[in-house]
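# Structural description and commentary
One letter stands for each residue in the lines below.
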Amino acid sequence: MHNQPSAHKSIRRLLVANRGEIAIRIMRTAHQMGIETVAVYSSADANAAHVAYADRAIHIGDAPSEASYLLNKNIIWAAKQTGADAIHPGYGFLSENAGLARACTDTEICFVGPPARVIDEMGAKKVAKNIAQEAGVPVVPGYSGEAQDDARLIEEAKKIGFPLLIKASAGGGGRGMRLVQHESELQEALTEARSESQRAFGNDTLLLERYIEQPRHIEIQILADAHGNVIHLGERECSIQRRYQKILEESPSTAVDADLRERMGADAVALAKKVGYVNAGTVEFILDQEGNYYFLEMNTRLQVEHPITEEVYGVDLVRAQLQIAMGMPLEITQAYVEPMAFALEARLYAEDPANDFMPSNGTLWRWKLPETEGVRIDSGVRENDVVSTYYDPMLAKVIARGPTREETRLRMLRALRAFEIAGVQTNRDFLIDVLEQPAWIAGDTHTHFISTHFPEGWAPKINDALAHQAALAATFYEVHERLCRRTHLPQLVGGFRNNFYAPAEETFTLRDQELSVFYRIRGRHFTPQHLAFDVYDAPTATPTPWKARIEGHTVELTSPDGLMHRWSVHLRSSASDAAQEISVHTQDAAFVLTRAPRFALPVETIEEGSCVSPMSGTVLRQLVQEGDTVTAGQTLLVLEAMKMEHRVTAPTDGIVTTLHVQEGEVVESGIVLAVVERAH
Ligand code: ADP
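Please read all numbers here as calculations on a predicted model, not as lab measurements. (Residues numbered from 1 in each chain as written. Predicted model: local features only at pLDDT ≥ 70, side-chain atom pairs only at ≥ 80, totals over all residues. Heavy atoms only, no water.)

### Brief notes about the domain arrangement of the chain
The criterion, for reference: For the domain bounds, the source is a domain assignment made automatically or taken from a database.
You can read the domains of the chain as domain 1 (13-112), domain 2 (141-210), domain 3 (464-595) and domain 4 (610-678). If you average the C-alpha positions of domain 1 and of domain 2, the two centres end up 36 Å apart.

Okay, here's the thing in structure tokens:
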């Protein structure tokens, strides 16, 4: 605790040069520290969540990031315009752009990150690798020299052996890497890698590295203040990757014990000291099957997966970053850094894992976050937001914490399953599948986990019984809606007689599959909240009895075997002539069903002889008893509403077989009050 008047510079207004979840996450800590926040936004983001969250916001350009979030000068201009005294770049975009750090220094804005020189040095893999070597940190055996001619590279490659990896020195985000299995492929691979790197990064310097088989990706979080104090906050394992990009991260790693943590941590600290690092950074390593680790690169910014470190070590890394930027010394020393929990992060993307993880866009017309104990969700989207093609399609980071890896895994699964999402495809079910793999549970992870365990790619496993239940839940929800909406049923009696023997049918589409529901409402024992149905496998099959209790968007289905299944049903409000989308969700599954528009009221689905309440009101008088013989038109009940009396009459000659209400009872519109069975 510092109770001295501060000698350091202060940050009063922070501009966050980013969008989405990370912008919000940074602002959250800034607000806690009493710092005002400024959001920047492109034309596509005027209504985005991060803009709503900030104290102020400023438009910085057109939708493509090259015309907005990636323009240094626009960011500096925005800071000047809004009177911001500091800029936090988040991750991605300009976070590892030395130009922004330099421009900040030139304009006396505090840059929340390391010095520009360090960003430059660590940004070039070749330079970083050489500095790591000088600091005594093990690096992957390979070549990172000046000479770049083919003859030299080929000679070096032969020394390293095959398979080997060609990397673009300026590469990042998994791009610019090429695996060479055999010497015969080398010449061509070099030519291609060079031109690819030139095109992507404007620099064609290459690196050669031995290809480590089945490694784990282990990275060390470090914090360095401006007074020379450097500490590490343990490791994160990020081996579960698709296209060299992380999707599931954990801390601590199952492969790292206290001794290894200490050695890797000490190396990360040594490297940070060697380059004069200041602020938060990450030193990435790969760990081979024998327990040897090698430096990969250093990320000079906050990482996407930083929250798991926060959960395990009880620190707020953004707070530490801001304090360091203000010139304050670190609040913690290495001796107090101990892993106190287990944490897991899953990245929920708008993408289709069944189609090679292609991004999916659309309007998130249903977006409900789970409220699961021990789970933190960092999200940058809200319901009805448009997930556009302009930016990274990550919807949220789900961060679970627990006392053990297994308990954390179960919490994560519970949270993932509770998300209700419609409007875009997501990788949610894929993440669940990964977390259910025995190899993952056993801690047997490596960077090829996905291709090893899903060699044919991934396909959603549709559980037919659950899909059928989803269709039932959707159907019953809608029957309930219609019953509640109906106020007058003058022609009810005539309406359903013709179709009495044919069950009603609803047809939905789930992906490419058709789901049909044949059902009939059973006249006995139902109000709009408590419905009873006969469900048929086919129109002429023997029916099975289901019950549904409906409240709001919750449909509790009770199957014939007495099991209750809770579903949540949401319809997309769209033009009535458009195909309708229905999000149907339960703890074990989530479906988005579509259906052609419907027009008719299903009056035929109500049992013949039912007397339905035409309005909400009170039963003023009950004139018959169950078992009474009545004639068509005879008054059975008198309802009262708004001081008006309404007679409920027998639809047919017959016997009152069921009477659901009695005098004084309050009834809702659309419920069945009585059933008269026709006399034969
Ligand atoms: P980038 O900067 O593009 O993210 P990295 O050097 O950090 O590239 O590597 C990204 C991923 O590529 C690592 O997490 C690992 O899965 C794989 N990788 C990198 N170097 C090697 C290597 N020498 N052997 C095996 N896999 C590697």
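Once you've had a look at it, read on.
### Quick look at the environment of Gln 513
The cut-off we apply is this: Numbering of helices and strands starts at the N terminus; helices are DSSP runs of H or I of at least 4 residues and strands are runs of E of at least 2. Buried means the residue's accessible area, taken with a 1.4 Å probe over protein chains only, is under 20% of the maximum for its type, while exposed means over 50%, and partly exposed covers the values in between. Residues are treated as being in contact if the distance between any of their heavy atoms lies within 4.5 Å.
Relative to the helices and strands, Gln 513 is located in strand E25 (residues 513-521). For Gln 513, a relative accessible area of 27% corresponds to the partly exposed category. Each C-alpha atom, one on Gln 513 and one on Leu 186, is 47 Å from the other, the two residues being 327 residues apart in sequence. In contact with Gln 513, other than residues within four places in its own chain, are Ile 462, Asp 464 and Phe 508.

### A few points about the site of the ligand
This is how it is decided: A single heavy atom is enough: if one lies within 4 Å of a molecule or strand, its residue is considered near that molecule or strand. Whenever a nitrogen or oxygen atom comes within 3.5 Å of another N or O atom, the pair is scored as a polar contact, on the condition that within protein one atom can donate a hydrogen and the other can accept it, and that pairs from neighbouring residues in sequence are kept only if both atoms are in side chains. Methods summary: accessible areas were calculated by the Shrake-Rupley approach with a probe of 1.4 Å, and residue burial reflects only the protein chains presented.
In the neighbourhood of the ligand, 21 residues make up the surrounding shell, with Lys 125, Lys 167, Gly 174, His 217 and Glu 297 lying closest. The separation between an oxygen atom of the ligand and a polar side-chain atom of Lys 125 is 2.5 Å. With respect to the ligand, the side chain of Glu 209 contributes an N or O atom lying 3.0 Å from a nitrogen atom. In the complex, the protein chains occlude 96% of the 550 Å² of accessible area that the ligand would expose alone. The set of elements that each furnish at least two residues to the shell around the ligand consists of strand E7 (164-168), strand E9 (206-210), strand E13 (279-287) and strand E14 (293-299).

### Here's the deal with the sheet that holds E9
Selection rule: Two strands pair if DSSP finds at least two bridges between them. The axes are straight lines fitted to the C-alpha atoms, using for helices just the contacting stretch, and the angles between their N-to-C directions are given from 0 to 180°.
Ordered by their spatial adjacency, 4 strands build an open sheet running E6-E9-E7-E8, and the pairing between neighbours is antiparallel. The sheet is open, and its two borders are formed by strand E6 (142-143) and strand E8 (177-180), each paired with just one other strand. Bridging between E7 and E9 involves 5 bridges; their strand directions are antiparallel. Residue pairing across strands places Leu 164 opposite Arg 210, the latter belonging to E9. Helix H7 (residues 150-160) rests against E6, E7 and E9 of the sheet, and its axis sits at about 15° to E9.

### Brief notes about the sheet that holds strand E3 (residues 56-61)
One open sheet accounts for 5 strands, arranged E3-E2-E1-E4-E5; its pairing is parallel. This sheet does not close on itself; its edge strands, each paired only once, are E3 and strand E5 (110-111). Looking at chain direction, strand E1 (residues 13-16) and strand E2 (residues 36-42) are connected through 4 bridges and run parallel. Across the sheet, Leu 14 pairs through a bridge with Thr 37, a residue of E2.

### Describing the packing of helix H12 (residues 405-418) against helix H13 (residues 428-435)
Stated precisely, the cut-off is as follows: When describing relative orientation, an angle under 35 degrees is termed roughly parallel and one over 145 degrees roughly antiparallel, while 65 to 115 degrees is termed roughly perpendicular and anything else oblique. It is the rotation of the near helix from the far one that decides the hand of a crossing: anticlockwise by less than a right angle makes it left-handed, clockwise makes it right-handed. Asp, Glu, Lys and Arg are counted as charged, while Ala, Val, Leu, Ile, Met, Phe, Trp, Tyr, Cys and Pro are counted as nonpolar; the rest, among them Gly, fall into the polar class.
Their axes nearest at 10 Å, the elements H12 and H13 cross at an angle of 160°. With respect to their mutual orientation, H12 and H13 come out roughly antiparallel. Between H12 and H13 lies a crossing of left-handed hand. Along its contact with H12, which presents Arg 409, Met 412, Leu 413, Leu 416 and Arg 417, the element H13 presents Arg 428, Leu 431, Ile 432 and Leu 435. Split into classes, the residues belonging to the contact of H12 with H13 amount to 6 nonpolar, no polar and 3 charged.

### Looking at the side chain of Arg 520
We count it as follows: By the counting rule applied here, Lys and Arg register as positive and Asp and Glu as negative, while His and the ends of each chain are not counted. For salt bridges, the criterion is a side-chain nitrogen of Lys or Arg within 4 Å of an Asp or Glu carboxyl oxygen.
With respect to the secondary-structure elements, Arg 520 resides in strand E25. For the buried Arg 520, which has no salt bridge, the nearest side chain bearing the opposite charge is Asp 534, at an N-O separation of 5.1 Å. Looking at Arg 520, its side chain comes within polar contact range of the side chain of Tyr 536, at 3.3 Å.

### What about the side chain of Thr 37?
As for its position among the elements, Thr 37 is in strand E2. At a separation of 2.6 Å, a polar atom in the side chain of Thr 37 contacts the side chain of His 31.

### Quick notes on the pairing of strand E26 (residues 530-536)
Counting buried positions over the 7 residues of E26 gives 6, a clear majority of the element. Inspection of the sheet shows E26 paired to strand E27 (residues 544-551) by 6 bridges, in the antiparallel sense. What sits directly across from Leu 531, in E27, is Ala 548.

### Re the confidence of the model for the chain
The condition is simple: Every residue carries a pLDDT, the predictor's confidence in it, which falls somewhere between 0 and 100.
Of the residues in the chain, 92% have a pLDDT of 70 or more, and the chain-wide mean is 90. Under a pLDDT of 50 for its full length, residues 488-500 has, in the predicted model, 23 contacts with residues more than four places off or in other chains. Across residues 599-604, confidence stays below pLDDT 50; counting only partners more than four residues off in sequence or on other chains, it has 10 contacts.

### Structural notes on helix H8 (residues 186-201)
Residues lying three or four places apart along an α-helix face the same way, a consequence of the helix completing one turn every 3.6 residues. Just so we agree on the cut-off: For a helix, the expected span equals 1.5 Å multiplied by the number of residues minus one. Arc definition: directions from the helix axis to the C-beta atoms.
Over its 16 residues, H8 runs 21 Å from end to end, which matches the ideal 22 Å to within 8%, given 1.5 Å per residue. The set of residues buried in H8 consists of Leu 186, Ala 189, Leu 190, Ala 193, Arg 194 and Ser 197. An end-on view of H8 places all buried positions within 135° of arc, on one side of the element. Among the exposed residues of H8, those pointing more than 90 degrees away from its buried face are Glu 188 and Arg 199. Looking at the buried residues of H8, the elements they touch are H7, E7, E8 and E9. Among the residues trailing H8, Gly 202 stands out with phi positive, at a value near 65°.

### A word on the packing of aromatic side chains
Counted only if it meets this: Ring geometry is summarised as follows: Phe, Tyr and Trp rings, the Trp one being its six-membered ring, pair when their centres sit within 6.5 Å, and such pairs are stacked at plane angles under 30 degrees, edge-to-face over 60 and tilted between the two. Note on criteria: charge over ring means Lys NZ or Arg CZ within 6 Å of the ring centre, with the direction from the centre no more than 35 degrees off the ring normal.
On inspection of all chains with the given rule, the structure shows 13 aromatic pairs. Residues Tyr 69 and Phe 93 carry aromatic rings whose centres are separated by 5.0 Å and whose planes lie at 20° to one another, so their mutual orientation is stacked. Residue Tyr 69 is located in the loop between E3 and helix H3 (72-82), and its partner Phe 93 is located in the loop between strand E4 (86-88) and helix H4 (98-106); the two are separated by 24 residues in the primary sequence. Given a relative accessible area of 0%, Tyr 69 falls into the buried group. For Phe 93, a relative accessible area of 28% puts it in the partly exposed group. Relative to Tyr 293, the ring of Phe 285 lies with its centre 5.3 Å away and its plane at 90°, an arrangement referred to as edge-to-face. Taken individually, Phe 285 and Tyr 293 each receive the classification buried, so the pair is uniform in this respect. Every member of this aromatic cluster is reached through a ring pair, and the members are Tyr 69, Phe 93, Tyr 390 and Tyr 391. Here Arg 242 stacks its cationic end above the ring of Tyr 349, 4.7 Å away from the centre of that ring.

### Re the pattern of salt bridges
Under the counting rule described, the total for this entry stands at 53 salt bridges. Note that Arg 347 and Glu 305 form a salt bridge whose closest N and O atoms lie 2.9 Å from each other. Highlighted residues: Arg 347 in strand E15 (residues 342-349) and Glu 305 in the loop between E14 and helix H10 (306-313), separated in sequence by 42 residues. Residue classification places Arg 347 among the buried residues on the basis of a relative accessible area of 6%. The closest approach of N and O atoms between Glu 506 and Arg 482, which form a salt bridge, is 3.9 Å. With a gap of 24 residues between them, Glu 506 in strand E24 (residues 504-510) and Arg 482 in helix H16 (residues 464-485) connect regions that are remote in the sequence. A residue is classified by how much of its surface remains accessible, and Glu 506, at 4% relative accessible area, is buried. Several salt bridges share partner residues, and in doing so they unite Arg 25, Arg 28, Glu 310, Glu 311, Asp 316, Arg 376, Asp 378 and Arg 401 into one network.

### Re the environment of Val 38
Mapped onto the secondary structure, Val 38 falls in strand E2. When the C-alpha atoms of Val 38 and Glu 338 are compared, they prove to be 35 Å apart, with 300 residues separating the residues in sequence. Those residues in contact with Val 38 that lie beyond four places of it in its chain are Arg 13, Leu 14, Leu 15, Val 16, Met 27, Ala 54, Arg 56, Ile 58 and Thr 82.

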